[in-house]
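# Examination of the molecular architecture
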Amino acid sequence: MTVTFEVRDGVGTIRLDRPPMNALDVAIQDRLRELAEEATRREDVRSVILYGGEKVFAAGADIKEMQAMDHTAMVLRSKGLQDAFTAVARIPKPVVAAVTGYALGGGCELALCADFRIAADNAKLGQPEILLGLIPGAGGTQRLARLVGPSRAKDLIFTGRMVKAEEALALGLVDRVVPAAEVYEQAYAWAAKLAKGPALALRAAKESIDAGLETDIDTGLTIERNWFSGLFATEDRERGMRSFVEEGPGKATFG
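Below: a short report on this structure. These numbers come from a predicted model, not from an experiment.

### Notes on the side chain of Gln127
- Tracing the backbone through its elements, the reader meets Gln127 in the loop between strand S7 (124-126) and helix H5 (140-148).
- Polar side-chain contacts of Gln127 include one of 3.4 Å to the backbone oxygen of Gly105.
- For Gln127, the side chain forms a polar contact with the side chain of Glu129, separated by 3.1 Å.
- Those residues in contact with Gln127, other than ones at most four positions away along the chain, are Gly105, Cys108, Glu109, Leu112, Pro136, Gly140, Leu144, Leu156, Ile157, Gly160 and Arg161.

### Side note on the sheet that holds strand S8 (residues 162-164)
- Across the sheet, three strands lie side by side as S5-S7-S8; this open sheet has mixed pairing. Of all the strands in the sheet, the pair left with one neighbour each is strand S5 (102-104) and S8. On average, each strand axis in the sheet is inclined to that of its neighbour by 20 degrees, with strand direction left out of account.
- As paired elements, S5 and S7 share three bridges and run parallel to each other.

### So, unusual backbone geometry
- Cis geometry marks the peptide bond from Pro19 to Pro20, where omega comes out at 5 degrees.
- By secondary structure assignment, the location of Pro20 is in the loop between strand S2 (11-16) and helix H1 (26-41).
- Unusually for a residue other than glycine, Asp9 sits at a positive phi of about 50 degrees.
- Within the secondary structure layout, Asp9 lies in the loop between strand S1 (3-8) and S2.
- Residue classification places Asp9 among the exposed residues on the basis of a relative accessible area of 66%.

### Regarding the pairing of S2
- In terms of residue burial, S2 counts as a mostly covered element, since five of its six residues are buried.
- Where S1 and S2 come together, six bridges link them in antiparallel fashion. If you follow Arg8 over to S2, its bridge partner there is Val11.
- One ladder, built from five bridges, connects S2 with strand S3 (residues 47-51); its direction is parallel. Counted as the bridge partner of Arg15 is Tyr51 from S3.

### Details of the packing of H5 against helix H6 (residues 150-159)
- Contact geometry for H5 and H6: axes closest at 7 Å, N-to-C directions at 135 degrees. With respect to H6, the element H5 is oriented oblique. The way H5 lies across H6 gives a crossing that is right-handed. Counting all contacts with H5, which are made through Gly140, Thr141, Leu144, Ala145 and Val148, the residues of H6 involved are Pro150, Arg152, Ala153, Leu156 and Ile157.
- When its residues are assigned to classes, the contact of H5 with H6 shows seven nonpolar, two polar and one charged.

How each quantity is defined
Residues numbered from 1 in each chain as written. Predicted model: local features only at pLDDT ≥ 70, side-chain atom pairs only at ≥ 80, totals over all residues. Heavy atoms only, no water. Helix = DSSP H or I, 4+ residues; strand = E, 2+ residues; numbered from the N terminus. Polar contact = N/O pair within 3.5 Å; in protein donor to acceptor, adjacent residues only side chain to side chain. Contact = heavy atoms within 4.5 Å. Pairing = 2+ DSSP bridges. Axes fitted to C-alpha atoms, helices over the stretch in contact; angles between N-to-C directions. Buried < 20%, exposed > 50% of the residue type's maximum accessible area, 1.4 Å probe, protein only. Parallel < 35°, antiparallel > 145°, perpendicular 65-115°, else oblique. Left-handed = near helix turned anticlockwise from the far one by under 90°. Nonpolar A, V, L, I, M, F, W, Y, C, P; charged D, E, K, R; others polar.

This is the structure in structure tokens:
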């Protein structure tokens, strides 16, 4: 399999495994969608890691495969491409990308689908599609601009330049830079901590933030209010408040 899915203690790892560069061909795209949907369904999966291995996250789409496509073929395929990445972005659980080596084109776009990005100090990220006479097609023009702002996104997309880990951190493209040998370990620690949290509240927080960013402030506040009040019907809310009153803050455990 070119993409695998393993679950340990509530943490599911979606691992790209197509040496040498994890080129994202159609088969990988479709498999990513399937595994994102599986991670969404499974109750034993409470957080998710996106990982490409120790050497490279993903160096982009399979250019040889794309070169053989004409306009009609890409019209038929482009929605499937976007749907695969959207399925990852809509996993209703905390998702962290563990980025090593290159995360370019579709690889960068996949990292953008995560809630949090931990990069190796040797990572290089970018959207080089303009150098092929194209633009990003798996969400890059939309997710990158929302993450780092339109001016910074235009700089990266217009020039196609790669940025090293420290610049990516300064731009807000990644959230933490660590030694390459520690990337997966630190991603796992982040995911494992959240896997022990209140699943419905985490889902509510993620959906409120993501949906709120797509609308006006009043609609966003309504989304937040509905989730906030709805959580009062959950066992986790009851358990969390009881623990706070009886034991103090931060000591609740959630099932």
